[in-house]
Amino acid sequence: MVEKSCLLKMEGVSKSFPGVKALKDVTFTLNRGEVHVLMGENGAGKSTLMKVLAGLYNRDAGRILLNGHDVAFHSPSEAIAAGISMIHQELMPIPHLTVAENIYLGREPVTFLRTIDRRKLEAMTRELFERLHLNIDPWSIMKDLSVAEMQMVEIAKATSWNSDIIIMDEPTSAITDQEVENLFRIIRQLKNEGSGIIYISHKMDEIFEIGDIITVFRDGEYVQTCPIKGLERSRLISMMVGREIQDIFPKTECAIADTILEVKDLTLPGIFEKLSFQLHRGEILGIAGLMGAGRTELVETLFGIRKKSEGRIIKDGKAIIITSPSDAIANGFAIVSEDRKDVGLVLKMSVGRNLTLTTLKNYTFWGQFMQEKREHVSIQDQIRRLSIKTAGEGQQVSTLSGGNQQKVVIGKWLLSNPDILIMDEPTRGIDVAAKAEIHKMICSLACEGKGIILISSELPEIIGMSDRVLVMHEGQITGELGRNDFTQECIMHMATGQCLED
Amino acid sequence: MNIVRLCERTSKFGIYIAFILLCVVLSILSPYFFTVKNIVNILNQVSIIGIIAVGSTIVLISGGLDLSPGAIVAVAGVMAAHFGHPGQYPIIVPITVAVATGLAFGAVNGVLTSLGKIPPFIVTLGTMTIGRGLALLACDGMQVIDLSERYISLANSEIFGIPILIILFALVFAVFQFVLTKMRFGRHIYAVGGNETASHVSGLNVNSIKIAVYMLAGALAGFGGLLLSSRTVVGSPIAGQGYELDAIAAAVIGGTSTTGGVGKLTGTIIGALMIQVISNGLDMINVPSYWQQIVKGSIIILAVFIDMRSRNKG
Ligand SMILES: Nc1ncnc2c1ncn2[C@@H]1O[C@H](COP(=O)(O)OP(=O)(O)OP(=O)(O)O)[C@@H](O)[C@H]1O
Ligand SMILES: [Mg+2]
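All values derive from a computational prediction rather than experimental measurement.

Rules used in this analysis
Residues numbered from 1 in each chain as written. Chains lettered and ligands numbered in written order. Predicted model: local features only at pLDDT ≥ 70, side-chain atom pairs only at ≥ 80, totals over all residues. Heavy atoms only, no water. Helix = DSSP H or I, 4+ residues; strand = E, 2+ residues; numbered from the N terminus. Rg over C-alpha atoms; globule rule 2.2 N^0.38 Å. Buried < 20%, exposed > 50% of the residue type's maximum accessible area, 1.4 Å probe, protein only. Contact = heavy atoms within 4.5 Å. Areas by Shrake-Rupley, 256 points an atom, 1.4 Å probe, with all protein chains shown as cover. Lys, Arg positive; Asp, Glu negative; His and termini not counted. Charge placed at Lys NZ, Arg CZ, Asp CG, Glu CD. Donors = N, O, S within 2.8 Å, 3.2 Å for Na, K, Ca; no water. Expected span 1.5 Å × (residues − 1). Buried area = accessible area lost by both parts, 1.4 Å probe. Polar contact = N/O pair within 3.5 Å; in protein donor to acceptor, adjacent residues only side chain to side chain. Pairing = 2+ DSSP bridges. Axes fitted to C-alpha atoms, helices over the stretch in contact; angles between N-to-C directions. Near = heavy atom within 4 Å. Nonpolar A, V, L, I, M, F, W, Y, C, P; charged D, E, K, R; others polar. Domains from an automatic or database assignment. Salt bridge = Lys/Arg side-chain N within 4 Å of Asp/Glu carboxyl O.

Caption draft 1: Seen up close, the overall build of chain B. In terms of helices and strands, chain B carries 14 helices and two strands. Taken against the 2.2 N^0.38 rule, which gives 20 Å for 314 residues, the C-alpha radius of gyration of chain B at 20 Å falls within 12% of a compact globule. When the backbone C-alpha atoms are referred to their principal axes, chain B occupies close to 70 × 55 × 35 Å. Here chain B, with 314 residues, has 52% of them falling under the buried criterion. Contacts in chain B between residues far apart in sequence, at least 24 positions, make up 78% of those at least 6 positions apart. About 14,300 Å² of surface is accessible on chain B, with carbon and sulfur atoms providing 70% of the total. Each charge class in chain B can be summarised by its mean position, and for the 17 positive and 11 negative side chains these summaries are 16 Å apart.

Structure (C-alpha cells):
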C-alpha cells in the first residue's frame, strides 16, 4: 500500500448556471490509494464539480490544489496532461470510429510516414482489454456496441492514460454484475498502484463494497465527509436527502388478472429466435440477463423499433400488427428506453417539449392547433410528480443532471397512459429517494391493471419489484421464475446459461 | 453584477444588436439611408428572398438542407410565365402552376432524402442541377416575355400605399411563424431535426414530416419564382442564381442551426434584412461592387461568429 498522501484538494468551489447555483462553496479532498465516493441526490452538483476538476467548466470561485500546487484547467486536455482522467456520466463516443480509434483518439501510434500504425494500435488495445478482461473486438464500430459495451470502452479509455486521478461518474449505470466485479478488480489494482479514484454512484451496495471514504452533497452544498466503514445505510440516506426512506422496493401485491399480452415465436434474425411469453394485467414481469443477452433487442422488437422477421403479438386476445413505434403507441404500448441520450430525449429541446412529445395530440384541437395552457398544466404536474429538478419547463433538457434527464423520459411515457409499459433500465442514474418514488409509481400502475415489463441490470431491483422473472441468455429464454422462487444465485445461474434442473 | 446580467440578457439578442449597429453606422455614413423611401425599398427588395428563406429555415430546422430553391425559382418562373400571356388564362392558373412546380420539386427532395436515405446535400444538389436544365428546356433557352397586366401587377402593385411584395412576405412570415410555434406539426419539425431516432420512437412519422417540410419549402420557392418573374416582367431561365445560398445564409445568420433542431423565423428575417441592408448601404456609400461581395461575405461570417460566441458563454 502506498502511503496516504494528499493528492487533490478543492476548497470553496462555486459554480452557477443561468437560474441555478449548482455548487456553493464546496470542499473535497482526495488521497493517494483511496476510493473517495461522492454522493448526493440528482442535481446535487456531483457531475458539475467533476467537470470543473476535469477542465470542462470554469469555476466561479474557489481553489484547486493538485499535489499542493494551485491549478486551473481550461480544457480536458490540460487536465489529462496533469494526470486527471474522467469517465463521463453521459457516454461520449465518436460513433463512426472503431473502438480502438475511440480509445486512442488524438494519440494514435503512427508509422514513420505519419500514418496510423494499425497493427500497433490493435496490439495496444488488445493489451489494454486483456488487462481489463474485456472481450470486445478493437475493430468493431462504436455505434454498433450496446450501451453496456460502450460504458466498458469508456472505462478502458479512462484507465489507459495511467492517470493519478480517475473520476468515475456513474460508471456502472448500464453494466451488469459481472462487469461491475471486473471494474472493481480494476479499481483495486489502480488503488494499489497509488492512484486516487473519485467514484460517483447511486448504488448503495457498490459504494459499501468499493468505497473507503464518502462525501455527501445536497443541493450544491457540502454536507459531510466520513469513512465508509461503520457507516449505516439509513444514516447515509438521511445525510443525502435530509430524511429517512423506508423501503426502496415498496412492492405492493396486487391482483394479477387475465393475459394482456401474448408474444409468440418472436424472431429477430441473428439475435434471438422464436421467443414466446405472456404478460398479465397487474403483473410486473422482470427480464434478467447478462450484457448481450438480447433483452433490449427483445423489447425494441416488440415496440417496432427493430424489424422482426417472424412472430405474433396478441393483445387482449386480439392479434395486433406492430411495424413501427407509432403502431405500438397506438396499441397502448410505451417504452422507457435504455439509451436516454439517443433514443429517449431530444436533447436540444426543453424539458416541457420533451415531456409532451408523444402525447402532443392530447393538447390540440383539430389535431393540430396547440392548446398551450393545458399543455403547461400537464407539464407542471409531471415535473412535480417526479420531482424533476429544473430551473423551469423551458430549460434545455441537455443541461439537466443525468438523473433528472432520466425522470423526463419516464414522465414522457407516463403521460401517454399506456396499457403496457416497457421499462429498460428505468432507474439508471436515479438517486435512492427518487428510485423509491418511481418504484412506488410502477407498483401503483400495475395495480391499476396495466402490464409492466421491467429490464434491469440491478438484480435487487428485479427481485424486489417483479412478480415473475424471465431470464435470458444469448437470445434464449433460459428460465422463468415465480416470485417465491427467485434468488440472486438462481437468476445468475440461468443468466450464464447453466440450466438449473430441480 | 448588473453588467453581467445585462450581458446575459443581451447575448440572446446578439444578432439584433449587430443589425441595429449596422443600421446606425450606415445612417451616419449616408443621410439617405434612414429615410422612409429607402426603408420601403429595402423591404421590397428583401421580400422574395425572404419568402424563400422561410422555406430554407424550416428545412434546416428539420435537420435537412435545400440547395434547390434557386433552380425552382427559375423553373417555376418560366412555367408560370407560359401561362401568363395576355388574354389566355385567369391569373389563378400561373399561380397554381408555379406553386405546383415547387411542390413537385419538394416532393422529390423529400422522398429521396427520407425514404431513399440519400444525404440532402446530394439530393438537392442534383435537383438544383436538374432544375436549371429544365428551366432552359421549358423555354428553349429564351426568356418568356409578353406577360399580362394582371400577371405583372402580382408583384408590382400597392395596397394602401404599401408594396404588395412586402405584404405577401409579411403574410408568409405570419403563417409559418404560426405553424412553427402554435401547431403540432411545427413542434414535430423541431423534434425530428433535434433527434430523429427519439422522434421515431416517440411515435412521430419522421418520413412524412420530412417530405412535408421539403414540399412546403418547394412551394415557397415556386411562389417566389412567380413573384420574381412578375417583378422583372419576364420568365427567365437564369433567374434566381445563388438564391439558395442567400436564403441559407439568412437563416444561419438568424441563428438557425445547420445541424437541425434549432431556429427561429424572426432570426431569419433579421438575417435576410442584414444581407439586403449590407448591399443597399454599400451601394449608398459608393463601394465598388467587387468590394461589396468581399465585405458582404466578411460581415456574414462576423455576424455568425459574434452570435455563436454570445450563445456559448457560461
Ligand atoms: N450546462 C448547464 N446549464 C444549466 N444548468 C446546468 C448545467 N449543467 C448542470 N446544470 C444544473 O446544475 C445542477 C447540478 O447538476 P449536476 O449534473 O452536477 O448534478 P448531479 O449531482 O451530477 O446529479 P445526477 O445524480 O442526476 O447526475 C442541476 O440542477 C442542473 O440542472
Ligand atoms: Mg451527474
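Caption draft 2: Representation of the coordination of the magnesium ion (ligand 2) in the model. Residues and elements named next belong to chain A. Coordination of the magnesium ion (ligand 2) by the protein comes from Ser47 (OG) and Gln89 (OE1), over a distance range of 2.0 to 2.1 Å. Of the two residues, Ser47 is situated in helix 1 (residues 46-53) and Gln89 in the loop between strand 6 (84-87) and helix 3 (99-103); the sequence distance between them amounts to 42 residues. Of the two residues, Ser47 and Gln89, both sit in the buried class.

Caption draft 3: How the structure looks around unusual backbone geometry. In the Ramachandran plot, A:Asp25 falls in the positive-phi region, its phi being about 55° despite a non-glycine side chain. Judged by its relative accessible area of 54%, A:Asp25 falls in the exposed class. One non-glycine residue with positive phi stands out, namely B:Val233, at about 60°. Tracing the sequence through the fold places B:Val233 in the loop between helix 11 (206-232) and helix 12 (243-253).

Caption draft 4: Highlighting helix 6 (residues 177-192) of chain A. Residues and elements named next belong to chain A. For helix 6, built from 16 residues, the straight-helix expectation of 22 Å at 1.5 Å per residue is met to within 8% by its first-to-last C-alpha distance of 23 Å. Every buried residue belonging to helix 6 is among Glu179, Val180, Asn182, Leu183, Phe184, Ile186, Ile187, Leu190 and Lys191, and all of these are buried. On the buried face of helix 6, the contacting elements are strand 3 (35-39), helix 5 (147-159), strand 7 (165-169), strand 8 (196-200) and helix 7 (204-210). Just downstream of helix 6, Gly194 is the residue with a positive phi angle, here 100°.

Caption draft 5: How the structure looks around the interface of chain B and chain A. In this complex, chain B contributes 26 residues to the contact, which on the side of chain A involves 31 residues. A per-residue breakdown of the area chain B buries against chain A is headed by B:Arg184, B:Arg187 and B:Val201, which together make up 35% of the total. Put simply, chain B and chain A have 11 residue pairs in polar contact (both at pLDDT 80 or more) between them. Looking at the side of chain B that touches chain A, the elements that each hand over two or more residues are helix 8 (164-182), helix 9 (184-194) and helix 10 (196-201) of chain B.

Caption draft 6: Summary view of the environment of A:Ile175. Along the chain, A:Ile175 falls in the loop between strand 7 and helix 6. Filtering out sequence-adjacent residues up to four positions away, A:Ile175 remains in contact with A:Ala148, A:Gln151, A:Met152, A:Ile155, A:Val180 and A:Ser457.

Caption draft 7: How the structure looks around the sheet that holds strand 13 (residues 284-289) of chain A. Residues and elements named next belong to chain A. Taken in spatial order, the six strands of this open sheet run 16-19-20-13-21-22, and their pairing is mixed. Pairing within the sheet leaves two strands with one partner each, and these edge strands are strand 16 (333-336) and strand 22 (476-482). Pairs of neighbouring strands in the sheet enclose a mean axial angle of 20°, with direction left out of account. Summarising the sheet, strand 21 (residues 468-473) and strand 22 pair through six bridges and their orientation is antiparallel.

Caption draft 8: Looking closely at the site of ligand 1. Residues and elements named next belong to chain A. Around ligand 1, 22 residues are found, and the nearest of them are Lys46, Ser47, Thr48, Ser401 and Gly403. Take Thr48: an N or O atom from its side chain is 2.5 Å from an oxygen atom of ligand 1. Contact distances for ligand 1 include 2.7 Å between an oxygen atom and a backbone N or O atom of Gly403. Considering each element in turn, the shell around ligand 1 owes the most residues, three residues, to helix 1. Here the residues of the shell around ligand 1 are counted per class, giving six nonpolar, 12 polar and four charged. Three or more residues apiece are contributed to the shell around ligand 1 by two domains, here domain 1 (6-241) and domain 3 (348-417).

Caption draft 9: Broad picture of the sheet that holds strand 14 (residues 310-315) of chain A. All names here are of chain A. Spatially, four strands are ordered 12-11-14-15 in an open sheet, and the strand pairing comes out antiparallel. Among the strands making up the open sheet, the edge pair consists of strand 12 (272-280) and strand 15 (318-320). Ignoring strand direction, the axes of neighbouring strands in this sheet form an average angle of 20°. Pairing of strand 11 (residues 259-268) with strand 14 involves five bridges; the strand directions are antiparallel. By the bridge assignment for strand 14, Leu261 is matched with Lys315. Against the sheet, helix 9 (residues 295-302) contacts strand 11, strand 12 and strand 14, and its axis sits at roughly 110° relative to strand 11.

Caption draft 10: Quick look at the pattern of salt bridges. Residues and elements named next belong to chain A. By the definition in use, this model includes 25 salt bridges over all chains. The salt bridge partner of Asp219 is Lys389, with a shortest N-O separation of 3.9 Å. Of this pair, Asp219 sits in the loop between strand 9 (213-218) and strand 10 (221-227) while Lys389 sits in the loop between helix 13 (372-385) and helix 14 (402-415), and the two are 170 residues apart along the sequence. Relative accessible area serves as the criterion here: at 42%, Asp219 is assigned to the partly exposed category. The closest approach of N and O atoms between Asp381 and Arg384, which form a salt bridge, is 3.6 Å. Pair noted here: Asp381 and Arg384 are both in helix 13, with a separation of three residues, about one helical turn. Of the residues examined, Asp381 reaches a relative accessible area of 40% and is grouped as partly exposed.

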